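# A look at the structure
Each chain is listed here by its residues.
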Amino acid sequence: MALTPERAAAFAAIALGHVTREYPHKPDHILTSDADLYRPRQVHPIFFGSFDWHSCVHGYWLLARIRRLYPDLAESAAIESLFAEAFTPEKVELERRYLDLPMSRGFERPYGWAWLLMLQSELILGGGGYADRLRPLADAFAARWCAHLPLMTYPVRVGTHANTAFALILADRYARVVQDIGIRKLMAQRARAWFGHDRRAPAWEPDGEDFLSPTLIEALAMQRLLPRAEFETWFTSFLPDLVHGAPASLLTPVYVSDRSDGRIAHLDGLNLSRAWAMRSIAPAVSGAVSEVLNSAAHKHLAAALDTVTGDYMGEHWLASFATLALMGTE
């Protein structure tokens, strides 16, 4: 299973249909007075669509990736036109200015921060000058991330947006692209402190609204940030029974009962993000464990790839996770 040109074109069409769709809209916004009331595109002139700010950001990331990898697609011309209109110095400054609000410290932390850095890394690789335009916003979030990491005594292990390990993975991709050794060193230090002594993960999942596997996303973060030998030793202790197909709950695709319910629809994302994590970890572990992971990943992909469209509650974000599942962050 791969991101074929045909599938890439379909995903691009989905994202083009929602990144500029202003409503319905779920804000991450704190009101301190009537003056803080706003229309989405007034304060977020780039990322006002896709139901919420972070989904719009990774919708743009998806489009940037397709633009880079499949420049000959018919949809690439529409992507280029959108980027030229969206990524202007004036609009970027308005997005950055939102971060100056006194109550914005926790805005989109850490999920939206990490996706913005992922978008920036993709724009850098894709060329065309858009990364230079978005850089003030990316620099602001990178600075926030570096300032926040030492303050976190404990990681957040939930299977939703606040998950610390997921942000580490995306921020690591950004750090690799911009060749920021300092950020990677800091993240590796924090990952060891948070997760380095974890053993025999109970894998009490899924929760009913997960779109991330706390267990597998933690493992993927460690795989990205640790030297291979150190990771292999850690992983063997973290999931020692994986070679025997246990814990089964981790390797079995989840059932989604109602895709019109935005939170239950998260579970389609869980199937996709599990597949991404398993396919990414598999090359870094022993052959028998790798086979278990690849087999389970295939089952998760088969269960989820056809769920990307159908209801806006999933459609506004799932194609990004399908892309991760099919090709990872590279």
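In case you missed it, the structure is sitting above this.
Here's what I pulled together on the structure shown here.

Criteria and cut-off values
- Residues numbered from 1 in each chain as written.
- Predicted model: local features only at pLDDT ≥ 70, side-chain atom pairs only at ≥ 80, totals over all residues.
- Heavy atoms only, no water.
- Helix = DSSP H or I, 4+ residues; strand = E, 2+ residues; numbered from the N terminus.
- Rg over C-alpha atoms; globule rule 2.2 N^0.38 Å.
- Buried < 20%, exposed > 50% of the residue type's maximum accessible area, 1.4 Å probe, protein only.
- Areas by Shrake-Rupley, 256 points an atom, 1.4 Å probe, with all protein chains shown as cover.
- Lys, Arg positive; Asp, Glu negative; His and termini not counted.
- Charge placed at Lys NZ, Arg CZ, Asp CG, Glu CD.
- Core = buried A, V, L, I, M, F, W, Y, C linked by side-chain atoms within 4.5 Å.
- Contact = heavy atoms within 4.5 Å.
- Phe/Tyr/Trp six-rings, centres within 6.5 Å; stacked < 30°, edge-to-face > 60°.
- Axes fitted to C-alpha atoms, helices over the stretch in contact; angles between N-to-C directions.
- Parallel < 35°, antiparallel > 145°, perpendicular 65-115°, else oblique.
- Left-handed = near helix turned anticlockwise from the far one by under 90°.
- Nonpolar A, V, L, I, M, F, W, Y, C, P; charged D, E, K, R; others polar.
- Expected span 1.5 Å × (residues − 1).

## Here we look at the overall build of the chain
Scanning the chain from N- to C-terminus turns up 16 helices and zero strands. Whereas a compact globule of 330 residues would reach a radius of gyration of roughly 20 Å, the chain reaches 19 Å, a difference of no more than 12%. Considering only C-alpha atoms, the chain reaches an extent of 55 × 40 × 40 Å along its principal axes. Across the 330 residues of the chain, 55% fall into the buried class. By element, 54% of the accessible surface of the chain is carried by carbon and sulfur atoms, the whole surface being about 13,700 Å². Within the chain, the 37 negative side-chain charges are centred at a point lying 5 Å from the centre of the 32 positive side-chain charges.

## Some thoughts on the nonpolar core
Soluble, globular proteins show a tendency: their nonpolar side chains are buried together. Phe47, Tyr60 and Leu119 are the most contacted members of the largest nonpolar core, which totals 110 residues. If we skip the residues at most four places from it in the chain, leucine 119 touches Phe47, Val57, Tyr60, Trp61, Ala64, Phe87 and Leu134.

## Some thoughts on the packing of aromatic side chains
The way to describe two aromatic rings as a pair is by their centre distance and the angle between their planes. Scanning the entire structure with this criterion turns up 25 aromatic pairs. An angle of 80° between the planes, with centres 5.6 Å apart, marks the rings of phenylalanine 83 and tyrosine 130 as edge-to-face. Of this pair, phenylalanine 83 sits in helix α4 (residues 74–86) while tyrosine 130 sits in helix α7 (residues 130–148), and the two are 47 residues apart along the sequence. For the residue pair phenylalanine 83 and tyrosine 130, the accessibility class agrees, reading buried in each case. Taking 5.6 Å as the distance between ring centres and 65° as the angle between the ring planes, the aromatic pair formed by phenylalanine 211 and tryptophan 317 counts as edge-to-face. Pair noted here: phenylalanine 211 is in the loop between α9 (181–195) and α10 (214–225) and tryptophan 317 is in the loop between α15 (312–315) and α16 (318–327), with a separation of 106 residues, a long-range link. Both residues of the pair, phenylalanine 211 and tryptophan 317, count as buried. Among the aromatic residues, those joined into a ring-pair cluster are Phe47, Trp53, Tyr60, Phe83, Phe87, Tyr98, Phe107, Trp113, Tyr130 and Phe141.

## What about the environment of tryptophan 204?
With respect to the element layout, tryptophan 204 can be found in the loop between α9 and α10. Of the residues examined, tryptophan 204 reaches a relative accessible area of 76% and is grouped as exposed. Placed ten residues apart in sequence, tryptophan 204 and proline 214 show a C-alpha to C-alpha distance of 9.0 Å.

## Some thoughts on the packing of α9 against α10
For the pair α9 and α10, interaxial distance at closest approach is 10 Å and the crossing angle is 135°. In this view, α9 runs oblique relative to α10, as classed from their interaxial angle. In this structure, α9 meets α10 at a crossing whose hand is left-handed. Along the contact surface, α9 presents Arg184, Met187, Ala188, Ala191 and Phe195, while α10 presents Glu218, Met222, Arg224 and Leu225. When the residues that make up the contact of α9 with α10 are grouped by side-chain class, the tally is six nonpolar, no polar and three charged.

## Notes on the environment of threonine 309
With respect to the helices, strands and loops of the structure, threonine 309 is situated in the loop between α14 (287–304) and α15. Here the alpha-carbon distance between threonine 309 and proline 102, two residues 207 residues apart in the chain, equals 38 Å. Sequence-distant contacts of threonine 309, defined by excluding residues within four places in its chain, comprise Ile14 and Glu315.

## Focus on α10
In this model, α10 (twelve residues) spans 17 Å end to end at C-alpha, consistent with the 16 Å of a helix rising 1.5 Å per residue. With eleven of its twelve residues buried, α10 lies for the most part within the structure. Three or more residues of α10 are buried, namely Thr215, Leu216, Ile217, Glu218, Ala219, Leu220, Ala221, Met222, Gln223, Arg224 and Leu225. Contact partners of the buried residues in α10: α8 (164–178), α9, α11 (228–238), α12 (248–251) and α13 (266–281).

## A few points about unusual backbone geometry
In this structure, proline 110 follows arginine 109 across a cis peptide bond, with omega equal to -5°. Here proline 110 shows up in the loop between α5 (89–98) and α6 (111–126). Here serine 50, not a glycine, exhibits a phi torsion of approximately 60°, which is positive. Residue position: serine 50 is located in the loop between α2 (40–43) and α3 (53–69). Assessed through its relative accessible area of 0%, serine 50 is described here as buried. For glutamine 179, which is not glycine, the phi torsion reads 60° and is therefore positive. Inspection of the secondary structure assignment puts glutamine 179 in the loop between α8 and α9. The class for glutamine 179 is exposed, based on a relative accessible area of 68%.

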